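# Working through the structure, step by step
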Amino acid sequence: MVHIVKIPWDDAIPLAVEEIRTDDDNNFGDVVPSHLQSRVEEQKAVLVETALCRITNDVPGLYAYSFSCLSPSAPIHPNIRATRLAMACGLHSQRFTGDVYIGRRGYCDTKLRNFDLCLSHVQNACIYSPDIRAETLAALLSVDGDNVDASSPEWLENAAQMNYHDGANLAALANAMTRTDTVVDDKEEDCDDESATVSSSCSEDGDEITSSNQEQKALTQIPLCWHCRGPASTLCEGCGAVYFCDPSSRRCQVNAWSHQCLCATWKVYVDHRNDLSSFPYFSGWQITLLQEDCFTSERVYESYLVSLGVLPSQEQNGTPKRNWWTTELHGWCGGCSASAKDVDIFQRVSYVDGFALGVEDWVPQESYLNASDDVGVKFDEHSLPMLNSWEDWYRLRQISSSSPIALLATFPLTLYYCLQHYGNIPITVAKMMERPLRIHVVGIEKELNFVDMFREIGYLIPKESVNVDMYWIVRDDMFPKNSKGEKKLTLQLTSHVKLSIVAGTYGDSLDPDFDFAGPPDMIVGLNAGLYAYSSWRDVIAYLYTHPNVTGVFTDYNEHSGLNCASLGGSKARKSLKMNPFRQPRAMPVYCMNLPQFSNGFIYVFNEQELE
């Protein structure tokens, strides 16, 4: 006897377990299709099988069976719960209609057979959320008042990772079979790094959302309908996370029915806005940057920077006056933005000139930290200060709480937090082998404008602790134009922190194991949006095949962060959390109202632990 789960399209009908009677001595092969054959004939349909999680050598797979009606006039009934389960498995474009049956099958003594599927294995993902983290399910269950186990089986938590790698392998195979000498533009790669606020999330149709720089600038001035992308002003009543147009007819709400799979979950994410907007140590300067006007436009932020006097408008001797704020605001745009064109990687900038704030106690002194100093924070076993909040860093570096320096310092401080919080084992290994810690930072763009700000990492790491070799990997077209044809530039940020800027594509033109001083100990990506750009595939594949290398990434919002973290498997999915060094301002996003912060969420692949 084998058990499968029926997911009726009508949400009012509960999930049910069906028994399939079999000959236990000859229970081989997939018996589900024959069990459903009478319903296929009754509905005059074709049975469609969808792999939600394929079979591995030791774990049975999860498969969905649905009916595709042959009659074009047959009514279509969306199946919200089955679609929600597919999303939990990382199949964001999969849409189910009609009744759906779920079963498991795998191998037993090299023979294919069906395995029992327990209702408890899939009911949380079906009924509540594709975000099957315990804390999200607990929040949803507390709303419903249900007393349900919030745990999920590990094979389900790993399904998104498996499906991603299967898809990436198929894409690589298709690309190899169709590759020509003609260069084809990759539109995913044309957007500047701020486009991750859009493209790191999937649309209602499951497609990656991308836009050109010009469109992005225009669209972030007004909210757009989640379904048709037309101007909109009505937030979803259920979650308050997306906009819809035409509220009277509800046409877009009906057509975008798959939003119902996410609505309750996104309400949980929206409820996290207060926590994300909490920066209690600051004197109040950040409040303006966290208000509702910031959710759909950069204007408030730009006006604030103008009030600080840090957006240079005048030229000195025919040369634009430079600091670190212009590119932070306007982005890199593939090196084509006005602020990016002004960048001279060879021109070193002090903290005073780079931050350009004009108030002495708003900028930290460029001074090294000694582990023996009494500075009010604890040090870890490698003599690194344990910083867990902006308050810790501000006090350590004697910065006034009225300083807005955190708006820029989010980049070096997040990188330091990755190193200190997740780098214990990598640092230990580097010290045992008497070599520098090797960190590869992938996806660098706007950070090229404020290279010298990353000296802060050298000031925070005591000289006697560990030497650090950082490699910033940038695309060829983003490499500084004044490099005289070189593909690598090396800068000594401090006496024990060296930065090499390397042009190329990770895993393609650059081999992580052989094109550097050695394999990486850690890989870091800031505001990565792993789902948004195909160029991340080789990075993810490298981490998948090198479990001894730690990967740490940040993302703008919780939805994108969850989907990207799931590519690292169950542990990575569970590691997703708010980054304590997120930028203290709300960022605009053009068709969602999810809380959006630069370096807002952080997660880790292959976190190393002492045995």
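These notes cover the structure that comes with them.

Okay, the overall build of the protein chain next. Helix and strand counts for the protein chain stand at 23 helices and 18 strands. Taken over 611 residues, the protein chain has a buried fraction of 55%. Long-range contacts, defined here as pairs at least 24 residues apart, represent 70% of the contacts in the protein chain between residues at least 6 apart. For the protein chain, the computed accessible surface area is about 26,200 Å², with 49% contributed by carbon and sulfur atoms.

Further remarks concern the packing of aromatic side chains. Scanning all chains against the criterion turns up 28 aromatic pairs. Where Phe411 meets Phe450, the ring centres are 5.4 Å apart and the plane angle is 35°; that geometry is what we call tilted. Placement of Phe411 in helix 18 (residues 406–422) and of Phe450 in the loop between strand 11 (437–442) and helix 20 (455–460) is noted, with a sequence separation of 39 residues between them. Comparing Phe411 with Phe450, the two get one shared label, buried. Through successive ring pairs, a cluster of aromatic residues spans Phe279, Tyr281, Phe282, Trp285, Trp390, Trp393, Tyr394, Tyr417, Tyr422 and Phe581. Above the plane of the ring of Phe115 lies Arg113, whose end atom (NZ or CZ) is 4.5 Å from the centre. Its end group placed over the ring of Tyr301, Arg585 keeps NZ or CZ at 3.8 Å from the ring centre.

If you walk across this open sheet you meet the 8 strands as 13-14-12-11-15-16-18-17, and the pairing is mixed. Each edge of the open sheet is held by one strand with a lone partner, namely strand 13 (488–494) and strand 17 (577–578). Against the sheet, helix 21 (residues 537–545) touches strand 11, strand 15 (522–525), strand 16 (550–555) and strand 18 (601–605), its axis set at about 140° to strand 16. Strands in contact with helix 22 (residues 558–565) are strand 16 and strand 18; relative to strand 18, the strand with the most contacts, it is inclined by about 0°.

Our focus in this paragraph is the environment of Asp149. Along the chain, Asp149 falls in the loop between helix 5 (134–144) and helix 6 (154–157). Of the residues examined, Asp149 reaches a relative accessible area of 55% and is grouped as exposed.

Let's shift gears to the state of the cysteines. Across all of its chains, the model carries 0 disulfides by this definition. Free cysteine: Cys225, not disulfide-bonded; nearest cysteine sulfur from Cys252 at 3.7 Å. Here Cys252 stays unpaired: no disulfide links it, and the sulfur of Cys245, its closest cysteine neighbor, is 3.5 Å away.

Next up on the list: the environment of Pro130. Within the element layout of this structure, Pro130 appears in the loop between helix 4 (119–127) and helix 5. Along the sequence, Pro130 and Leu85 sit 45 residues apart, while their C-alpha atoms lie 6.2 Å from each other. Apart from the residues lying within four places of it in its own chain, the contact partners of Pro130 are Arg84, Met87, Ala88, Ala125, Cys261, Leu262, Thr265 and Arg573.

When you line up the elements, Glu456 lands in helix 20. Judged by relative accessible area, Glu456 falls into the buried class, the value being 2%. A distance of 2.9 Å separates polar atoms of two side chains, one belonging to Glu456 and the other to Tyr351. Other than its neighbours up to four places away in sequence, Glu456 contacts Tyr351, Pro364, Trp393, Arg397, Pro412 and Leu413.

What counts, and at which threshold
- Residues numbered from 1 in each chain as written.
- Predicted model: local features only at pLDDT ≥ 70, side-chain atom pairs only at ≥ 80, totals over all residues.
- Heavy atoms only, no water.
- Helix = DSSP H or I, 4+ residues; strand = E, 2+ residues; numbered from the N terminus.
- Buried < 20%, exposed > 50% of the residue type's maximum accessible area, 1.4 Å probe, protein only.
- Contact = heavy atoms within 4.5 Å.
- Areas by Shrake-Rupley, 256 points an atom, 1.4 Å probe, with all protein chains shown as cover.
- Phe/Tyr/Trp six-rings, centres within 6.5 Å; stacked < 30°, edge-to-face > 60°.
- Lys NZ or Arg CZ within 6 Å of the ring centre and 35° of its normal.
- Pairing = 2+ DSSP bridges.
- Axes fitted to C-alpha atoms, helices over the stretch in contact; angles between N-to-C directions.
- Disulfide = S-S within 2.5 Å.
- Polar contact = N/O pair within 3.5 Å; in protein donor to acceptor, adjacent residues only side chain to side chain.

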